[in-house]
Amino acid sequence: MRLNIRNPADFWSGLLFLVVASAFLWIARTYDFGSPLRMGPSFFPVVLSIVLAAIGLVALLRSFTVSGERLEGFAFKGLVLVTLGSVLFGALIERAGIIIAVSAITLVSAYASVRFTWKQGLAMAILLSAFCALVFVFGLGVPMPILGSWFLD
């Protein structure tokens, strides 16, 4: 049986969304869900996964009905660098702090672009680091270190 995929970009992005949503639902299955008034640790991941799965399903179904351009290749560089940036953020946030972690994810992810320049990347890293520190740490009171234990011990 051959699928009549008319829009490969929608097909692959929809499939990716469904896989990621399924993975997060699987991970969150053992946590307490809670209720909207008393949210448990899995409440937000489950709700977000359901929304992501719905978007993925719409994109997947759309790939069979709406024509799109043929894919010329797969952006492995972008996938690897954006994933690496996210992993770096998770690894750095506690030990290096929000300033370094946001700078790392910004620079590594931006490097995935064909239009990346170091000047723009550094400017964005500085602006986003300052913005995140102001909003999340000072504004919302999220308990994240501005500079982590690597710099304060």
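This text goes with the structure placed above it.
Engineer: What's the story with the overall build of the chain in this structure? I'm lost.
Structural biologist: Tallying secondary structure elements over the chain gives six helices and zero strands in all. Reading the secondary structure of the chain in the N-to-C direction produces α-α-α-α-α-α. Taken over C-alpha atoms, the radius of gyration comes to 19 Å for the chain, far larger than the 15 Å a tight globule of 153 residues would show. The proportion of buried residues among the 153 residues of the chain is 27%. For the chain, restricting intrachain contacts to residue pairs at least 6 apart in sequence, the fraction spanning at least 24 positions comes to 65%. Measuring between centres, the 10 positive side-chain charges of the chain sit 7 Å from its 6 negative side-chain charges.

Engineer: I would appreciate a short explanation of the side chain of serine 129 in the present structure.
Structural biologist: Among the secondary structure elements, serine 129 is positioned in helix 5 (residues 118-139). Not counting residues up to four positions away in its chain, the partners in contact with serine 129 are Ile99, Val102 and Ser103.

Engineer: Honestly, helix 5 in this entry has me stumped. Any pointers?
Structural biologist: Since the α-helix turns once every 3.6 residues, residues separated by three or four places project in the same direction. Taking 1.5 Å per residue, 22 residues should reach 32 Å; helix 5 reaches 29 Å between its end C-alpha atoms and fits that length. Restricting attention to buried positions, one finds in helix 5 the residues Gly121, Ala125, Ser129, Cys132, Ala133 and Val137. The elements touched by buried residues of helix 5 are helix 4 (98-110). Positive backbone phi, approximately 75 degrees, marks glycine 141, located one or two places after helix 5.

Engineer: So what exactly am I meant to see when it comes to helix 1 (residues 8-28) here?
Structural biologist: The end-to-end C-alpha distance of helix 1 is 30 Å, a good match for the 30 Å that 21 residues give at a rise of 1.5 Å each. Those residues of helix 1 that sit buried are Pro8, Asp10, Phe11, Gly14, Ala21 and Ala28. Residues of helix 1 that are buried in the fold lie against helix 2 (43-62).

Engineer: Looking at this structure, how should I read the nonpolar core?
Structural biologist: In a soluble, globular protein the nonpolar side chains are often hidden away together inside. The biggest cluster of nonpolar side chains holds 11 residues, and these are Leu92, Ile93, Ala96, Ile98, Ala101, Val102, Ala104, Cys132, Ala133, Val137 and Met144. Of all the secondary structure elements, the ones that give two or more residues to this core are helix 4 and helix 5. At four residues, helix 4 tops the list of elements feeding residues into this core. Setting aside its immediate chain neighbours within four residues, leucine 92 contacts Gly97, Ile100, Ala101, Ala104 and Trp150.

Engineer: When you look at the environment of alanine 21 in this model, what are you seeing that I'm missing?
Structural biologist: With respect to the helices, strands and loops of the structure, alanine 21 is situated in helix 1. We classify alanine 21 as buried; its relative accessible area is 1%. When the C-alpha atoms of alanine 21 and alanine 54 are compared, they prove to be 9.2 Å apart, with 33 residues separating the residues in sequence. Contact partners of alanine 21, with chain neighbours within four places excluded, come to Ser49, Leu52 and Ala53.

The rules behind each value
Residues numbered from 1 in each chain as written. Predicted model: local features only at pLDDT ≥ 70, side-chain atom pairs only at ≥ 80, totals over all residues. Heavy atoms only, no water. Helix = DSSP H or I, 4+ residues; strand = E, 2+ residues; numbered from the N terminus. Rg over C-alpha atoms; globule rule 2.2 N^0.38 Å. Buried < 20%, exposed > 50% of the residue type's maximum accessible area, 1.4 Å probe, protein only. Contact = heavy atoms within 4.5 Å. Lys, Arg positive; Asp, Glu negative; His and termini not counted. Charge placed at Lys NZ, Arg CZ, Asp CG, Glu CD. Expected span 1.5 Å × (residues − 1). Core = buried A, V, L, I, M, F, W, Y, C linked by side-chain atoms within 4.5 Å.

In short, shape yes, function no, at least from these values alone.
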